[in-house]
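# Overview (structure and organization)
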Amino acid sequence: MNSILSILSEYTTTEGPVVIAGPCSAESREQTLKTARALSDAGIGIFRAGVWKPRTRPGGFEGRGEEALEWLREVKETTGMATSTEIGSAAHVEPALRAGIDILWIGARTAASPFAVQEIADALRGTDRAVFVKNPVCADLELWSGDMERLMDAGIRNIGMIHRGFKTYGEKRYRNTPLWDLAEEMRRRFPGMPMFCDPSHMGGTRGLVEPLSARAIESGYDGLLIESHICPARALTDASQQITPAEAGGLAARLTRALTAS
Ligand code: PEP
Ligand code: MN
């Protein structure tokens, strides 16, 4: 088993896909802890929450930064869940590692910048934490491959990829168009490297989360990164695509049943 999957499997109790779930953003201590507790009760073992939020346009909620890392530490202590967050620059690496975050991911905007990815790789050099790289916003296989190579060259072994779809001008159905063939090519290029799907940023709406998740799992993806908020309608970011913790638990259970029946 790839080592990233053995790390994650410690936090996954079922036979089904590895599910990482949690809010787009850690907005407050209460929202973070309530969401984590509800997800844990719903059988989800790995928590996600953005603490530094890369906003396309200025002026929106940009995350609570280092203060929120302490909330993630509390999630880990009180629920036993593994924790994950996005790192957008080399400056985020040290505080995230210090807060004991188990899984770090590089977001789609950062993944499109070789300078930023190289600086992050240098800051992470030699870490045994799990590091995922989302596909860059644009459909460029070489850019995504280069990101993986930069991490490997820095001696980071526990790495994986997340297909979150690609920005396509004029696209109406999806927020970010899934390009399944392109992601397949990445799996061919990096054999054995786990591939996850982020159906939340792909679909952009709640109703697309489950069908996209099912499609990914049918294609043999190793896991899912799903946005879930204790009260989706009140989320400060990505309100239209977040599902409740109970919905996330139901989705994981249905996918597990489908997987074990097949
Ligand atoms: C996120 O996962 O919170 C996020 C910002 O995603 P992406 O980089 O895919 O836009
Ligand atoms: Mn989001």
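The rules behind these values
- Residues numbered from 1 in each chain as written.
- Chains lettered and ligands numbered in written order.
- Predicted model: local features only at pLDDT ≥ 70, side-chain atom pairs only at ≥ 80, totals over all residues.
- Heavy atoms only, no water.
- Helix = DSSP H or I, 4+ residues; strand = E, 2+ residues; numbered from the N terminus.
- Polar contact = N/O pair within 3.5 Å; in protein donor to acceptor, adjacent residues only side chain to side chain.
- Contact = heavy atoms within 4.5 Å.
- Core = buried A, V, L, I, M, F, W, Y, C linked by side-chain atoms within 4.5 Å.
- Buried < 20%, exposed > 50% of the residue type's maximum accessible area, 1.4 Å probe, protein only.
- Donors = N, O, S within 2.8 Å, 3.2 Å for Na, K, Ca; no water.
- Near = heavy atom within 4 Å.
- Areas by Shrake-Rupley, 256 points an atom, 1.4 Å probe, with all protein chains shown as cover.

### Structural notes on the side chain of T32
Considering the arrangement of structural elements, one finds T32 in helix α2 (residues 29-41). Of note is the side chain of T32, whose polar atom sits 2.7 Å from the backbone oxygen of S28. Discounting chain neighbours no more than four positions away, the residues touching T32 are A26, E27, F47, W71, L72 and V75.

### Remarks on the side chain of T237
Here T237 shows up in the loop between β8 (223-227) and α10 (245-261). Looking at T237, its side chain comes within polar contact range of the side chain of S25, at 2.7 Å. Setting aside chain neighbours within four positions, we find T237 in contact with C24, S25, E27, R55, F61 and Q242.

### What to know about the nonpolar core
Nonpolar side chains tend toward joint burial in soluble globular proteins. Grouped together as the largest cluster of nonpolar side chains are 63 residues, with contacts concentrated most on I87, L124, W144, M148, L151 and L224. L124 has contacts with I87, V93, L97, L104, V131, L151 and I156, leaving out every residue within four places of it along the chain. Counting residues in each nonpolar core, the second largest holds 14 residues, with A82, F132, I162 and F196 among its members.

### Looking at the coordination of the manganese ion (ligand 2)
Here the manganese ion (ligand 2) is held by the protein donor atoms C24 (SG), H201 (NE2), E227 (OE) and D238 (OD), which lie 2.0 to 2.4 Å from it. Motif for the manganese ion (ligand 2), donor spacing along one chain: C-x176-H-x25-E-x10-D. One end of the pair, C24, is in the loop between β1 (18-22) and α2; the other, H201, is in helix α8 (residues 199-203), with 177 residues separating them in the sequence. H201 carries the same exposure label as C24, and that label is buried.

### Here's the deal with the site of ligand 1
In the vicinity of ligand 1, the residues found are R48, K53, E86, W105, G107, A108, R109, K134, R164, H201 and E227. Here an oxygen atom of ligand 1 and a side-chain polar atom of K53 are 2.8 Å apart. Between A108 and ligand 1, the recorded distance is 2.8 Å, taken from a backbone N or O atom to an oxygen atom. Summarising the interface, the protein chains cover 97% of the accessible area of ligand 1, which totals 290 Å² for the free molecule.

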